[in-house]
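Here's the letter readout for the chains.
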Amino acid sequence: MSASEDGPTFSTHSTTSGMVGGGFYNANSSPQWNAIEAVLPMLDKATNSLPVDCPGPVCLADFGCSEGRNSIAVMQRALTSLLPHTDRPVQTIHSDLPTNDFSKLFLNLQPGGKPVFESDRVYSAAVGGSMYDQLLPDRSVHLATTFNAIGFLSRRPVKTLPGYIFPNGPSKERANGFVAEEDRKAFAAQAKQDVGTFLQKRARELIPGGKLLVQVFGANETASTCNGLYDLLNDAVLAHVDLGEISRETYERYYQPVYMRTLDELVAPVTDETYGANGLFDIDQTKSYEIAVPFNERFQSDGDLDRYARDYVNFFRAFTEAVLSGALPETPDRGKLVERIYDTAVDLLKAHPDRYPFRYIAIAMLLTRAG
Ligand SMILES: C[S@@+](CC[C@H](N)C(=O)[O-])C[C@H]1O[C@@H](n2cnc3c(N)ncnc32)[C@H](O)[C@@H]1O
């Protein structure tokens, strides 16, 4: 991965190399688990109605599994409903980018040398590739899922975002930057096309009647999951622009290639022919919701500002660092500069904890492969 005129380049159809590995994402992804937990009833509904009466293994695939803590817990839940309904073997697949750190996933699939899924009918595998490509054989998958991942775009829709580091723009309260409406629309269009492409690829892999559960962070009428968090990262990066450690040009080229969709924006490609996926799926259920954020709750109860600032910053460091680092020039100091930026974020948050309130809005849809 390297920084170029168009921004950092990563593997095919991706705009990040993945989360911070070595156990860091696993240790800092409790909010994502809370967001998954809220849609487990949708997962149960899907698993309980899978067509499992054809020969061969039943296949469950999770796309964007990262280091696997949450992905394995999802599979556990799916297997709990599925196994009593069938005596067929089950193939579980955890998939993420080829640059993802899969090492903890493999270890956690065999804790203490024993398979984590306690059944001799379950066989686990991992697949590296972009979820915007077909990764599994035609008509081989019964249930496909993705959690907190499809917000990461397949490509950078614009070369620069001169006034802010995130396409949805700053919170109204903080207003510490700007995103031109034309730019925001380019991201919104890319986000819809990405869902359309994801649906097309999964439609090939799923058997008719197979289920697809798509869940991701997003926005509603009152809030967006980017508010507060990216205001803080933006302020931290700008502090280092002011110190002369990051050029204005580098700042203008750097942005996180992620878009916060509304539920309408997530669901539109299922029926709108513009995105090439209309007619492939029927909609079973949709949901827009907000979850309680563990580090907010803890801070409310114990008032421990040091811990709050560390947990909050580690939470977003886990999913922003690869892109931030890739956007900075490849100098010997780059790693240390990244450290200093996140340290600055901790200092800013401790100095002004009320300035960067974070809320986690999520959206989801459960679909059935038509045909
Ligand atoms: C925030 S993590 C979510 C991990 C896990 N699903 C969870 O909910 O905790 C997002 C994951 O999406 C992956 N990702 C981003 N772009 C991707 C792409 N184009 N194809 C596959 N995975 C991608 C990242 O590598 C990362 O592991």
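To be clear, the structure that these remarks concern was listed above.
Conventions used here
Residues numbered from 1 in each chain as written. Predicted model: local features only at pLDDT ≥ 70, side-chain atom pairs only at ≥ 80, totals over all residues. Heavy atoms only, no water. Helix = DSSP H or I, 4+ residues; strand = E, 2+ residues; numbered from the N terminus. Rg over C-alpha atoms; globule rule 2.2 N^0.38 Å. Buried < 20%, exposed > 50% of the residue type's maximum accessible area, 1.4 Å probe, protein only. Contact = heavy atoms within 4.5 Å. Lys, Arg positive; Asp, Glu negative; His and termini not counted. Charge placed at Lys NZ, Arg CZ, Asp CG, Glu CD. Near = heavy atom within 4 Å. Polar contact = N/O pair within 3.5 Å; in protein donor to acceptor, adjacent residues only side chain to side chain. Areas by Shrake-Rupley, 256 points an atom, 1.4 Å probe, with all protein chains shown as cover. Nonpolar A, V, L, I, M, F, W, Y, C, P; charged D, E, K, R; others polar. Pairing = 2+ DSSP bridges. Right-handed = clockwise from strand over helix to strand, strands pointing away. Salt bridge = Lys/Arg side-chain N within 4 Å of Asp/Glu carboxyl O.

Engineer: Which parts of the structure should I look at to understand the overall build of the protein?
Structural biologist: When helices and strands are counted, the protein shows 12 helices and nine strands. At 20 Å, the protein has a C-alpha radius of gyration in line with the 21 Å of a compact globule built from 371 residues. Over its C-alpha atoms, taken along the principal directions, the protein stretches across nearly 65 × 50 × 40 Å. In the protein, which comprises 371 residues, the share counted as buried stands at 57%. Across the protein, every contact between residues at least 6 apart in sequence was considered, and the portion connecting residues at least 24 apart equals 83%. Seen as two clouds, the 35 positive and the 46 negative side-chain charges of the protein have centres 2 Å apart.

Engineer: Just to check I follow, could you spell out the site of the ligand for this structure?
Structural biologist: Taken together, 21 residues surround the ligand, and among them Tyr25, Gly64, Asn70, Asp96 and Phe147 come closest. Note that an oxygen atom of the ligand is positioned 2.7 Å from one of the side-chain N or O atoms of Tyr25. Between the ligand and the protein, one listed contact pairs an oxygen atom with a side-chain N or O atom of Asp96 at 2.6 Å. Calculation on the ligand without its partners gives an accessible area of 600 Å², and the protein chains cover 99% of this total. Its residues assigned to classes, the shell around the ligand comprises nine nonpolar, 11 polar and one charged.

Engineer: What should I look at first to understand the environment of Gly22 in this one?
Structural biologist: Turning to its location among the elements, Gly22 is positioned in the loop between strand 2 (7-9) and helix 1 (24-27). Spatially, the C-alpha atoms of Gly22 and Glu67 are 8.4 Å apart, while their sequence positions differ by 45 residues. Among residues more than four places away in sequence, those in contact with Gly22 are Glu67, Asp101 and Lys104.

Engineer: Help me out: how do you make sense of the pairing of strand 4 (residues 90-96) in this one?
Structural biologist: Each regular strand displays side chains that alternate between the two surfaces of the sheet. Burial analysis of strand 4 places six of its seven residues in the buried class, the great majority of the element. Pairing of strand 3 (residues 58-63) with strand 4, which is carried by six bridges, proceeds in the parallel orientation. Residue pairing for strand 4: Phe63 is matched across the bridge by Ser95. Read as a crossover between parallel neighbours, the route from strand 3 over helix 4 (residues 69-82) to strand 4 is right-handed.

Engineer: Which parts of the structure should I look at to understand unusual backbone geometry?
Structural biologist: In most cases, non-glycine residues show a negative phi, while peptide bonds are predominantly trans. A positive phi angle, near 50°, is found at Arg139, a position not held by glycine. Within the element layout of this structure, Arg139 appears in the loop between strand 5 (122-128) and strand 6 (141-147). Residues other than glycine seldom take positive phi values, yet Ala175 does so here, at roughly 45°. Following the sequence through the fold, Ala175 ends up in the loop between strand 6 and helix 6 (181-205). Judged by its relative accessible area of 51%, Ala175 is exposed.

Engineer: What is the right way to look at the side chain of Thr15 in this model?
Structural biologist: Among the secondary structure elements, Thr15 is positioned in the loop between strand 2 and helix 1. According to the relative accessible area criterion, Thr15 is buried, its value standing at 7%. A distance of 2.7 Å separates a polar atom in the side chain of Thr15 from the backbone oxygen of Leu153. Once residues within four sequence positions are removed from consideration, Thr15 is found in contact with Phe10, Phe152, Leu153, Ser154, Arg155, Arg156, Pro257 and Val323.

Engineer: Any chance you could explain the pattern of salt bridges here in plain terms?
Structural biologist: Per the counting criterion, the structure on display carries 15 salt bridges. For Asp306, the salt bridge identified is with Lys350, shortest N-O distance 3.1 Å. Of this pair, Asp306 sits in helix 11 (residues 305-327) while Lys350 sits in helix 12 (residues 334-351), and the two are 44 residues apart along the sequence. By relative accessible area, Asp306 is classed as partly exposed at 47%. A relative accessible area of 32% means that Lys350 is categorised as partly exposed. Arg317 is the partner of Glu321 in a salt bridge, and the nearest nitrogen-oxygen pair spans 2.7 Å.

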